[in-house]
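Next come the chains, spelled out residue by residue.
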Amino acid sequence: MDEIVVGLDIGGTTVKIGFLTKDGEILKKWEIPTNKKNHGKFIVEEILGSVLKNLPSLNFDQQNIFSIVAGAPGFVDKKSGVIYEAVNIGWKNYDLAAQLKALSNVPVFIENDANLAALGENWKGAGNGVRNMIAVTLGTGVGGGIVVNGEILSGVNGTGGEIGHIIVENNGAPCNCGRIGCLETIVSATGMVRQAVELIAENPSSCLSQLYSKNGEVSTKDVFNLAGQGDQLSQQIIDRSTSTLGSVLADLSIIVNPSIIIVGGGLSQAGESFINAIADSYRKRAMPRVSEVCSIKVAELGNDAALIGAARVSNEFEKTL
Ligand SMILES: [Zn+2]
């Protein structure tokens, strides 16, 4: 009988669901909206309902499910399967593994979403199967996943590798984690827009300011477009973001000594010059012995990375059987 892995990538807006072979090939994938009502109480039930509904389309039934592997945002304790806090879903001390198990009766594994994406990229994407790697995901926030000696770094309670919460500014902006000046407050989409809004207030006659008055808002796309047209203020935002990230990656590399650093997420699609600027900042700052063995690459698997990472987690479990 064919056995499949059900991969879940649970986000604040949608839940990505995939049926995968144990080799990490996606047989079918789709999305359902994340139901945030009642602090996310209905999410698991709706996921499993959708899984059961979609099994027959590939001539599968529940017996074909070998395991369920879920990626969730926030601080995740993979040993217990508890999500400490996922702010944009509403879960707090939520026992996701137990909920999934109660309804499914197969082995269930929970991992932080950025870690799962890093494992996917490491296995089938830009990571090339290397044993030491840093992955950083630049989206609304900044996700991080660090592979050391072939294994994802989780730490004592699932906080290891949370690159987005490294403090880079003593008097910076408030972060979702409750502290001030984290990397995420600068290099994420949210962080870049915040920088733009601050600069607009200081430079009322700038191009950015004019665009803001016209549209009532400003996006990272606007910042990249204006910078492409030679706008200095927009370029300043990009320069600050790329140099900050490059410098954090250089510092992290002293600990991890990776052979590949992968930059993924929405902002990684901003173009070659954005990635090159991160790499330049990295090389300027990193110890030469560290940077000469490390290449910086753009993620290759896009939104599928976490689903593919799910199959890898399942494989690792199977090896222990
Ligand atoms: Zn933070």
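From a predicted model like this one, the values you see are computed outputs, not experimental measurements. Per chain, the residues get numbers from 1 upward, laid out in the order the sequence is written. It should be noted that, the model being predicted, local features are given only for residues of pLDDT at least 70 and side-chain atom pairs only at 80 or more, the latter also being counted only at that level, while totals for whole chains, interfaces and linings use all residues. Only hydrogens and water are set aside; all other atoms, that is, all heavy atoms of the structure, feed into the side-chain values.

A.B. asks: Which parts of the structure should I look at to understand the sheet that holds strand β11 (residues 151–152)?
C.D. replies: The strands that make up a sheet are held in pairs by hydrogen bonds between backbone atoms, and each pair lies either parallel or antiparallel. Strands qualify as paired when DSSP identifies two bridges or more between them. Think of it this way: any DSSP run of H or I at least four residues long counts as a helix, any run of E at least two long counts as a strand, and we number them from the N terminus. As summarised here, the arrangement of the 5 strands in space is β11-β10-β9-β12-β13, forming an open sheet in which the pairing is mixed. Each having just a single partner strand, β11 and β13 (295–298) make up the two edges of the open sheet. Relative to strand β10 (residues 142–148), strand β9 (residues 133–138) is paired through 6 bridges, and the arrangement is antiparallel. By the bridge assignment, I134 is partnered in β10 with I146. The contact rule is simple, with two residues in contact once any of their heavy atoms fall within 4.5 Å. To get an axis, fit a line to the C-alpha atoms, keeping to the stretch in contact for a helix; angles then go from 0 to 180 degrees between the N-to-C directions. Contacts between helix α4 (residues 113–124) and the sheet are confined to β9, β10, β11 and β12 (260–264), with β10 contributing the most and set at about 50 degrees to the helix. Each of β9, β10 and β12 is contacted by helix α9 (residues 232–256), which is oriented at about 155 degrees to β9, the strand it contacts most.

A.B. asks: Please clarify how the coordination of the zinc ion should be interpreted in this entry.
C.D. replies: Each angle at a metal carrying four tetrahedral donors should ideally be 109.5 degrees, and each at a metal carrying six octahedral donors should ideally be 90 or 180 degrees. Only N, O and S atoms count as donors, using a 2.8 Å limit from the metal and a wider 3.2 Å limit for Na, K and Ca, and since water is excluded some coordination spheres may look unfilled. Taken together, the protein ligands of the zinc ion are H165 (ND1), C175 (SG), C177 (SG) and C182 (SG), with distances of 2.0 to 2.3 Å. Between the 4 donor atoms coordinating the zinc ion, the angles at the centre fall across 104 to 122 degrees, so the site counts as tetrahedral. Mapped onto the sequence, the donors of the zinc ion take the spacing H-x9-C-x1-C-x4-C. Only protein chains enter the calculation, and the probe is 1.4 Å; a residue is then buried if its accessible area is under 20% of its type maximum, exposed if over 50%, and partly exposed in between. Of the residues examined, C177 reaches a relative accessible area of 30% and is grouped as partly exposed. On the basis of relative accessible area, C182 is assigned to the buried category, the value being 0%. Between 85 and 135 degrees for all angles marks four donors as tetrahedral; over 155 degrees for opposite donors together with 65 to 115 for all other angles marks four donors as square planar and six as octahedral; every other arrangement is irregular.

A.B. asks: I'm lost on the sheet that holds strand β8 (residues 108–112) in this one. Help?
C.D. replies: Spatially, 5 strands are ordered β3-β2-β1-β4-β8 in an open sheet, and the strand pairing comes out mixed. The sheet is open, and its two edges are formed by β3 (26–33) and β8, each paired on a single side. On average, adjacent strands in this sheet sit at an angle of 15 degrees to one another, irrespective of strand direction. Relative to β8, strand β4 (residues 65–72) runs parallel, the two being bridged by 5 bridges. In the strand pairing of β8, I68 is matched with V108. Across the face of the sheet, helix α2 (residues 43–54) comes into contact with β1 (4–10), β2 (14–20), β3 and β4 while running at roughly 140 degrees to β3. Relative to the sheet, helix α3 (residues 96–104) contacts β1, β4 and β8, its axis offset from that of β8 by approximately 150 degrees.

A.B. asks: Sorry, what's going on with the nonpolar core here?
C.D. replies: In terms of nonpolar packing, the biggest core is built from 41 residues, with I134, L138, L208, L245, L249, F274 and Y282 touching the most fellow members. The element contributing the most residues to this core is α9, with 9 residues. What L208 contacts, discounting residues up to four positions off in sequence, is A196, I200, V218, V223, L226, D231, L233, S234 and I237. Throughout, nonpolar core names a set of buried Ala, Val, Leu, Ile, Met, Phe, Trp, Tyr and Cys residues whose side chains join them through atoms within 4.5 Å.

A.B. asks: I tried to follow the packing of aromatic side chains on my own but got confused; where do I start?
C.D. replies: For any pair of aromatic rings, geometry is given as the distance between the ring centres together with the angle between the planes. Note on ring pairs: Phe, Tyr and Trp rings are taken, using the six-membered ring of Trp, and paired if centres are within 6.5 Å. Classes follow the plane angle, with under 30 degrees stacked, over 60 edge-to-face and the rest tilted. Applying the stated rule across the entire model yields 5 aromatic pairs. Relative to F317, the ring of F109 has its centre 4.7 Å away and its plane inclined at 50 degrees; by these criteria the two rings are tilted. With F109 in strand β8 and F317 in helix α12 (residues 305–319), this pair connects stretches of sequence that are 208 residues apart. By relative accessible area, which is 18% here, F317 ends up buried. Look at F224 and F274: their rings are 5.2 Å apart centre to centre, the planes differ by 90 degrees, and that puts the pair in the edge-to-face class. You can see F224 sitting in helix α8 (residues 220–228) and its partner F274 sitting in helix α10 (residues 272–285), a full 50 residues away along the chain. For the residue pair F224 and F274, the accessibility class agrees, reading buried in each case. Taken together through their ring pairs, the aromatic side chains of F66, F109 and F317 make up a single cluster. Remark: a charge is flagged as sitting over a ring if the NZ atom of Lys or the CZ atom of Arg is within 6 Å of the ring centre and within 35 degrees of the ring normal. Lying over the aromatic face of F66, K22 brings its terminal NZ or CZ to 4.0 Å of the ring centre. Taking NZ or CZ as reference, K124 lies 4.5 Å from the ring centre of W123, over its face.

That's the geometry; what it means functionally is another story.
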